[in-house]
Amino acid sequence: MIPASTLRELDSSNSATADSLLSVFQVTTLHNQRLHPLPDAEMLHTHIKPRTTSDRKVIAAFDESGTAAAYALVTRNRLANRTLAELDLRVAPDQRRRGYGTALLEAAKQLARELGCDRLVADFPSVPGGVDFAEKRGGKLSYQHQRTVLELRKIDVGRYRALAIPTGPDGPGRDNAQYKSVRWTDHCPDDLVQAHIVARGAMHDEPTGDLVKEKKTMTAAELRQLEDARIAYGQRRHTVAALAPNGEMAAFTQVAILVNSRVPLAPMGNTAVSRAHRGHGLALGLKAELALWMLEREPHIELIDCWNNVENKAMTHINQMLGWEITGTASAYTFEL
């Protein structure tokens with residue numbers, strides 16, 4: 001075991017924390033995620049900084065020279081699943097098998113308990129040693145998911161335009177001409193808030209394996225709080241949605257821009273289709289329209305990436321149809337506290 005003195009809880013709101021952990025963040029990201037540009041300090045700072053909608057705690061391990069060798073980010077959502085903590089555990093490849101990961105995992109468990117959580121879930125990449133580490137320390141496999149990447153500058157623009165909503169009876173969407181698409185950035189328009197809240201409920205159908213999650217309906221106030229929190233921590237979020245003739249929001253998809261980062265990558269947000277509107281090619285069309293909008297609205301972005309549960313066959317098939325490339329997989333393990 002490493003001495004406890006080498007572990008320190010850091011101020012996640014301080015940009016100096018991101019600077020001190022950047023080398024670990026960079027080397028683990030590039031090691032675990034193919035087609036990921038070199039991260040910068042602003043990307044990391046945006047990821048770890050606290051926000052009004054979630055608690056975020058950072059613990060780091062330092063080697064003999066005082067250089068960060070590993071770190072753990074513990075997150076607890078304040079709006080839902082308040083007894084479930086998430087762990088992002090990173091150990092520099094050249095610092096593995098020295099006890100840093102084990103020490104940080106135990107420290108993260110204690111932090112999660114102090115936050116009132118009874119479970120801690122962590123992703124471990126499908127690289128040598130990742131899964132073994134979790135299983136040997138009592139983790140239970142909950143589900144597996146895969147990362148896919150879309151290279152925006154390589155898409156067939158003409159094909160994407162043909163796929164975008166609506167495509168009509170002769171298009172690939174099984175007659176979705178009755179739907180119309182709407183767009184917004186950051187704040188959902190007031191007249192669509194309730195429809196958007198209902199549409200968000202479709203995300204409860206996403207497979208989560210053995211991980212039990214609360215199926216909570218968000219209030220309008222909570223939606224506004226979430227939108228404001230994203231802006232405050234440096235995210236710009238674009239949404240494309242499909243509206244049915246009766247005013248229902250049938251589907252939506254989102255992408256996030258890290259405003260202060262120069263990394264030309266944007267992570268996907270949520271994508272969901274309400275049960276009553278499935279089978280009309282809405283997710284396919286909306287994701288095509290979103291990619292086209294990104295080319296116009298955010299020309300500096302070259303890549304979009306997303307994570308999907310491997311059991312979510314519908315979404316993984318849509319990504320495949322749109323030319324997204326699988327770049328890696330990870331396994332989510334749950335630790336009972």
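Structure shown above.
Because the structure is predicted, anything quoted here is derived from the model rather than measured. (Residues numbered from 1 in each chain as written. Predicted model: local features only at pLDDT ≥ 70, side-chain atom pairs only at ≥ 80, totals over all residues. Heavy atoms only, no water.)

**Digging into helix α1 (residues 15-32)**
One full turn of an α-helix is made of 3.6 residues, so residues set three or four places apart face in the same direction.
Link 1 in the chain: The end-to-end C-alpha separation of α1 is 24 Å, in line with the 26 Å expected for 18 residues at 1.5 Å each.
Link 2 in the chain: If you look at α1, its biggest bend is around 55 degrees, right at Leu21.
Link 3 in the chain: The set of residues buried in α1 consists of Thr17, Ala18, Leu21, Leu22, Val24, Phe25, Gln26, Thr28 and Thr29.
Link 4 in the chain: Each element contacted by the buried residues of α1 is listed here: β1 (7-10), α2 (41-48), β2 (54-62), β3 (68-77) and β4 (84-91).
Link 5 in the chain: Near the N-terminus of α1, the side chain that reaches the backbone nitrogen of Ala16, with its oxygen 2.8 Å away, is that of Asn14. (Helix = DSSP H or I, 4+ residues; strand = E, 2+ residues; numbered from the N terminus. Expected span 1.5 Å × (residues − 1). Bend = angle between axes of the 7 residues up to and from the residue. Buried < 20%, exposed > 50% of the residue type's maximum accessible area, 1.4 Å probe, protein only. Contact = heavy atoms within 4.5 Å. Polar contact = N/O pair within 3.5 Å; in protein donor to acceptor, adjacent residues only side chain to side chain.)

**Topic: the packing of aromatic side chains**
Link 1 in the chain: Applying the stated criterion across every chain, the model contains 3 aromatic pairs.
Link 2 in the chain: On the numbers, 6.1 Å between centres and 75 degrees between planes, the contact of Phe124 with Tyr333 is edge-to-face. Placement of the pair is Phe124 in strand β5 (residues 119-125) and Tyr333 in strand β12 (residues 325-336), with a sequence separation of 209 residues.
Link 3 in the chain: With a relative accessible area of 5%, Phe124 lands in the buried category.
Link 4 in the chain: Pairing Phe124 with Phe335 gives two aromatic rings, centres 6.5 Å apart and planes at 65 degrees, and the pair type is edge-to-face. (Phe/Tyr/Trp six-rings, centres within 6.5 Å; stacked < 30°, edge-to-face > 60°.)

**Description of the pattern of salt bridges**
Link 1 in the chain: According to the stated counting rule, one finds 17 salt bridges in the structure shown.
Link 2 in the chain: The partner of Arg278 in a salt bridge is Asp205, and the shortest N-O contact between them spans 2.8 Å. A residue pair is termed long-range when its members are at least 10 positions apart, and Arg278 in the loop between β10 (265-273) and α8 (282-297) and Asp205 in the loop between α6 (193-200) and α7 (220-232) qualify at 73 residues.
Link 3 in the chain: For Asp205, a relative accessible area of 31% puts it in the partly exposed group.
Link 4 in the chain: The closest approach of N and O atoms between Glu222 and Lys216, which form a salt bridge, is 2.8 Å.
Link 5 in the chain: The class of Glu222 is buried, set by a relative accessible area of 15%.
Link 6 in the chain: Ionic contacts of the salt-bridge type, sharing partners, join the residues Asp55, Arg76 and Arg78 into one network. (Salt bridge = Lys/Arg side-chain N within 4 Å of Asp/Glu carboxyl O.)

**Regarding the nonpolar core**
Link 1 in the chain: Counting residues in each nonpolar core, the largest one holds 33 residues, and the members touching the most others are Tyr160, Met294 and Leu322.
Link 2 in the chain: Going through the elements one at a time, α5 (157-163), β8 (235-243), β9 (249-258), β10, α8, β11 (303-309) and α9 (313-321) are the ones with two or more residues in this core.
Link 3 in the chain: For this core, the element with the highest residue contribution is α8, accounting for 10 residues.
Link 4 in the chain: Counting residues in each nonpolar core, the second largest holds 26 residues, with Ala70, Leu87, Leu111 and Ala122 among its members. (Core = buried A, V, L, I, M, F, W, Y, C linked by side-chain atoms within 4.5 Å.)

**Digging into α2**
Link 1 in the chain: In terms of burial, α2 is a largely internal element, 6 of the 8 residues being buried.
Link 2 in the chain: All buried positions along α2 are accounted for by Ala41, Met43, Leu44, His45, Thr46 and Ile48.

**Let's talk about the sheet that holds β3**
Link 1 in the chain: Sheet architecture is open: 12 strands sit in the order β1-β2-β3-β4-β5-β12-β6-β11-β10-β9-β8-β7, paired in mixed fashion. Either end of the sheet is taken by a strand with one partner, and the two such strands are β1 and β7 (180-185). For this sheet, the mean angle separating the axes of adjacent strands, direction not counted, is 25 degrees.
Link 2 in the chain: Pairing geometry for β5 and β12, over 7 bridges, is antiparallel. Paired with Pro125 across the strands is Ala330, a residue of β12.
Link 3 in the chain: Those strands touched by helix α3 (residues 100-114) are β1, β2, β3, β4, β5 and β12, and its axis lies near 150 degrees from that of β2. (Pairing = 2+ DSSP bridges. Axes fitted to C-alpha atoms, helices over the stretch in contact; angles between N-to-C directions.)

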